Amino acid sequence: VAAGVSSRRRGSIIHSFFEQWDFQSGPDAAIGSVLRAEALEDAEARALREDMARIAGRLQASPLGARFARSTELRREVPFALRIDGILARGTVDLLVDGNTIVDYKTGAPSEDELAEYETQLQLYGAAFHELTGVERLEAFLVLLDRDDDFVREVDVSLPSLHRALARARAALPALATQCAAG
């Protein structure tokens, strides 16, 4: 955690940075803009500036970052809804690249179980996107911002994987309904 900034707040600030950065220019202007909008102590701002510059540099140097830089369409914070057995699930895609690539940024150090949950989350995003657009050739990536190695993880969003994710979501609905009813 960057110099006294909570993990949640740090994640929100980094997501704000990715909402502003164009992936073509250096990250300094977007970092400065995000930090100016936050009420941070000097040490916190310094630590976050270094943190975001490190993350941006690693992403820029990656094949995925190069793809972002040359893309023709980057849509950030794209809302969606997906109906699963009468339940409306809503979410927001961090980045949609060229109309067929879903990107989700994650900060922190997720466990293997959490990574599996994130992959299912992206598959459900893919199911919603497929349902809304009919696009069948999707790609999806988890970008694990705090990992030094293996920080880009491709997620299977083939139609069979989307169907499996929807089946897992349907199976989980009764337990969720019970939890919600219990308060």
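Everything below is about the structure shown above.
Numbering of residues begins from 1 in every chain and follows the order in which that chain's sequence is written. Thresholds applied to this predicted model are a pLDDT of at least 70 for local features of residues and 80 or more for the giving and counting of side-chain atom pairs; totals over whole chains, interfaces and linings are not thresholded and use all residues. Side-chain numbers come from the whole structure's heavy atoms, not from hydrogens or water.

Chemist: How should the overall build of the protein chain be read in this particular structure?
Modeler: Helix and strand definitions here come from DSSP, where helices need a minimum of 4 consecutive H or I residues and strands a minimum of 2 consecutive E residues; each element is numbered from the N-terminal end. Along the backbone of the protein chain there are six helices and five strands. Going from the N terminus to the C terminus, the protein chain shows its helices and strands as α-α-α-α-β-β-β-α-β-β-α. Values of the radius of gyration come from C-alpha atoms, whereas the globule rule sets the reference at 2.2 Å times the count of residues to the power 0.38. Computed over C-alpha atoms, the radius of gyration of the protein chain comes to 18 Å, within 12% of the 16 Å expected from 2.2 N^0.38 for 183 residues, which places it in the range of a compact globule. Along the three orthogonal principal directions, the C-alpha set of the protein chain runs to about 50 × 40 × 30 Å. When each of the 183 residues of the protein chain is scored for burial, the buried share is 42%. The long-range fraction of contacts in the protein chain, counting pairs at least 24 apart against all pairs at least 6 apart in sequence, stands at 62%. Only four residue types enter the tally: Lys and Arg on the positive side, Asp and Glu on the negative side; His and the chain ends are excluded. Just so you know, the charge point we use is NZ for Lys, CZ for Arg, CG for Asp and CD for Glu. Taking the 21 positively charged and 29 negatively charged side chains of the protein chain as two groups, their mean positions are separated by 2 Å. We call a residue buried when its accessible area falls under 20% of the maximum for its residue type, exposed when it is over 50%, and partly exposed in between, using a 1.4 Å probe and counting protein chains only. Whether two residues touch is decided by their heavy atoms; if any such pair falls within 4.5 Å, the residues are in contact.

Chemist: Can you walk me through the pairing of strand S2 (residues 87–97) in this structure?
Modeler: Along any regular strand the residues' side chains alternate between the sheet's two faces. At least two DSSP bridges between two strands are required for those strands to pair. Judged from the ten bridges that link them, strand S1 (residues 74–84) and S2 form a sheet pairing that is antiparallel. Its bridge partner lying in S2, Arg 83 is registered against Leu 88. Two successive antiparallel strands, S1 and S2, enclose a turn made up of two residues, where Asp 85 displays a positive phi of approximately 50 degrees. As defined by bridge partners, S2 adjoins strand S3 (residues 101–106) across three bridges and the pair is classed as antiparallel.

Chemist: Before we go on, may I ask you to explain the sheet that holds S1 in this structure?
Modeler: Working definition: the strands of a sheet are paired by backbone hydrogen bonds and lie parallel or antiparallel to each other. The five strands are arranged S1-S2-S3-S4-S5 in an open sheet whose pairing can be described as mixed. Two strands bound the open sheet, and with one partner strand each, they are S1 and strand S5 (152–155). When strand polarity is set aside, the average angle formed by the axes of neighbouring strands in this sheet is 40 degrees. In this structure, strand S4 (residues 139–144) lies alongside S5, joined through four bridges in antiparallel fashion. Orientation is described by lines fitted to C-alpha atoms, with helices fitted over the stretch in contact, and by angles between N-to-C directions that extend from 0 to 180 degrees.

Chemist: Just to check I follow, could you spell out the packing of helix H1 (residues 7–20) against helix H2 (residues 28–36) for this structure?
Modeler: Where H1 contacts H2, the axes come no closer than 9 Å and their chain directions differ by 135 degrees. Judged on the interaxial angle alone, H2 and H1 are oblique. Here H1 and H2 pass one another in a crossing that is right-handed. Residues Ile 13, Ser 16, Phe 17 and Gln 20 of H1 pack against Ala 30, Ile 31, Ser 33 and Val 34 of H2. Here the residues of the contact of H1 with H2 are counted per class, giving five nonpolar, three polar and no charged. Put simply, angles under 35 degrees are roughly parallel, angles over 145 are roughly antiparallel, angles from 65 to 115 are roughly perpendicular, and the rest are oblique. The crossing is said to be left-handed when, going from far helix to near helix, the turn is anticlockwise and less than a right angle, and right-handed when the turn is clockwise. Under the convention adopted here, Pro, Cys and the residues Ala, Val, Leu, Ile, Met, Phe, Trp and Tyr are nonpolar, Asp, Glu, Lys and Arg are charged, and Gly plus all remaining residues are polar.

Chemist: I'm lost on the pattern of salt bridges in this one. Help?
Modeler: Between side chains of opposite charge, pairing is possible as soon as their charged atoms come close. Within this document, salt bridges are pairs made up of a side-chain nitrogen of Lys or Arg and a carboxyl oxygen of Asp or Glu, the two lying within 4 Å of each other. By the definition in use, this model includes 13 salt bridges. Put simply, Arg 67 and Glu 139 hold a salt bridge, and the shortest N to O gap is 2.6 Å. In this pair, Arg 67 sits in helix H4 (residues 63–70) while Glu 139 sits in strand S4, placing the two residues 72 residues apart along the sequence. One continuous salt-bridge network, built from bridges that share partners, spans Arg 10, Asp 51, Arg 54, Arg 58, Asp 146 and Asp 148.

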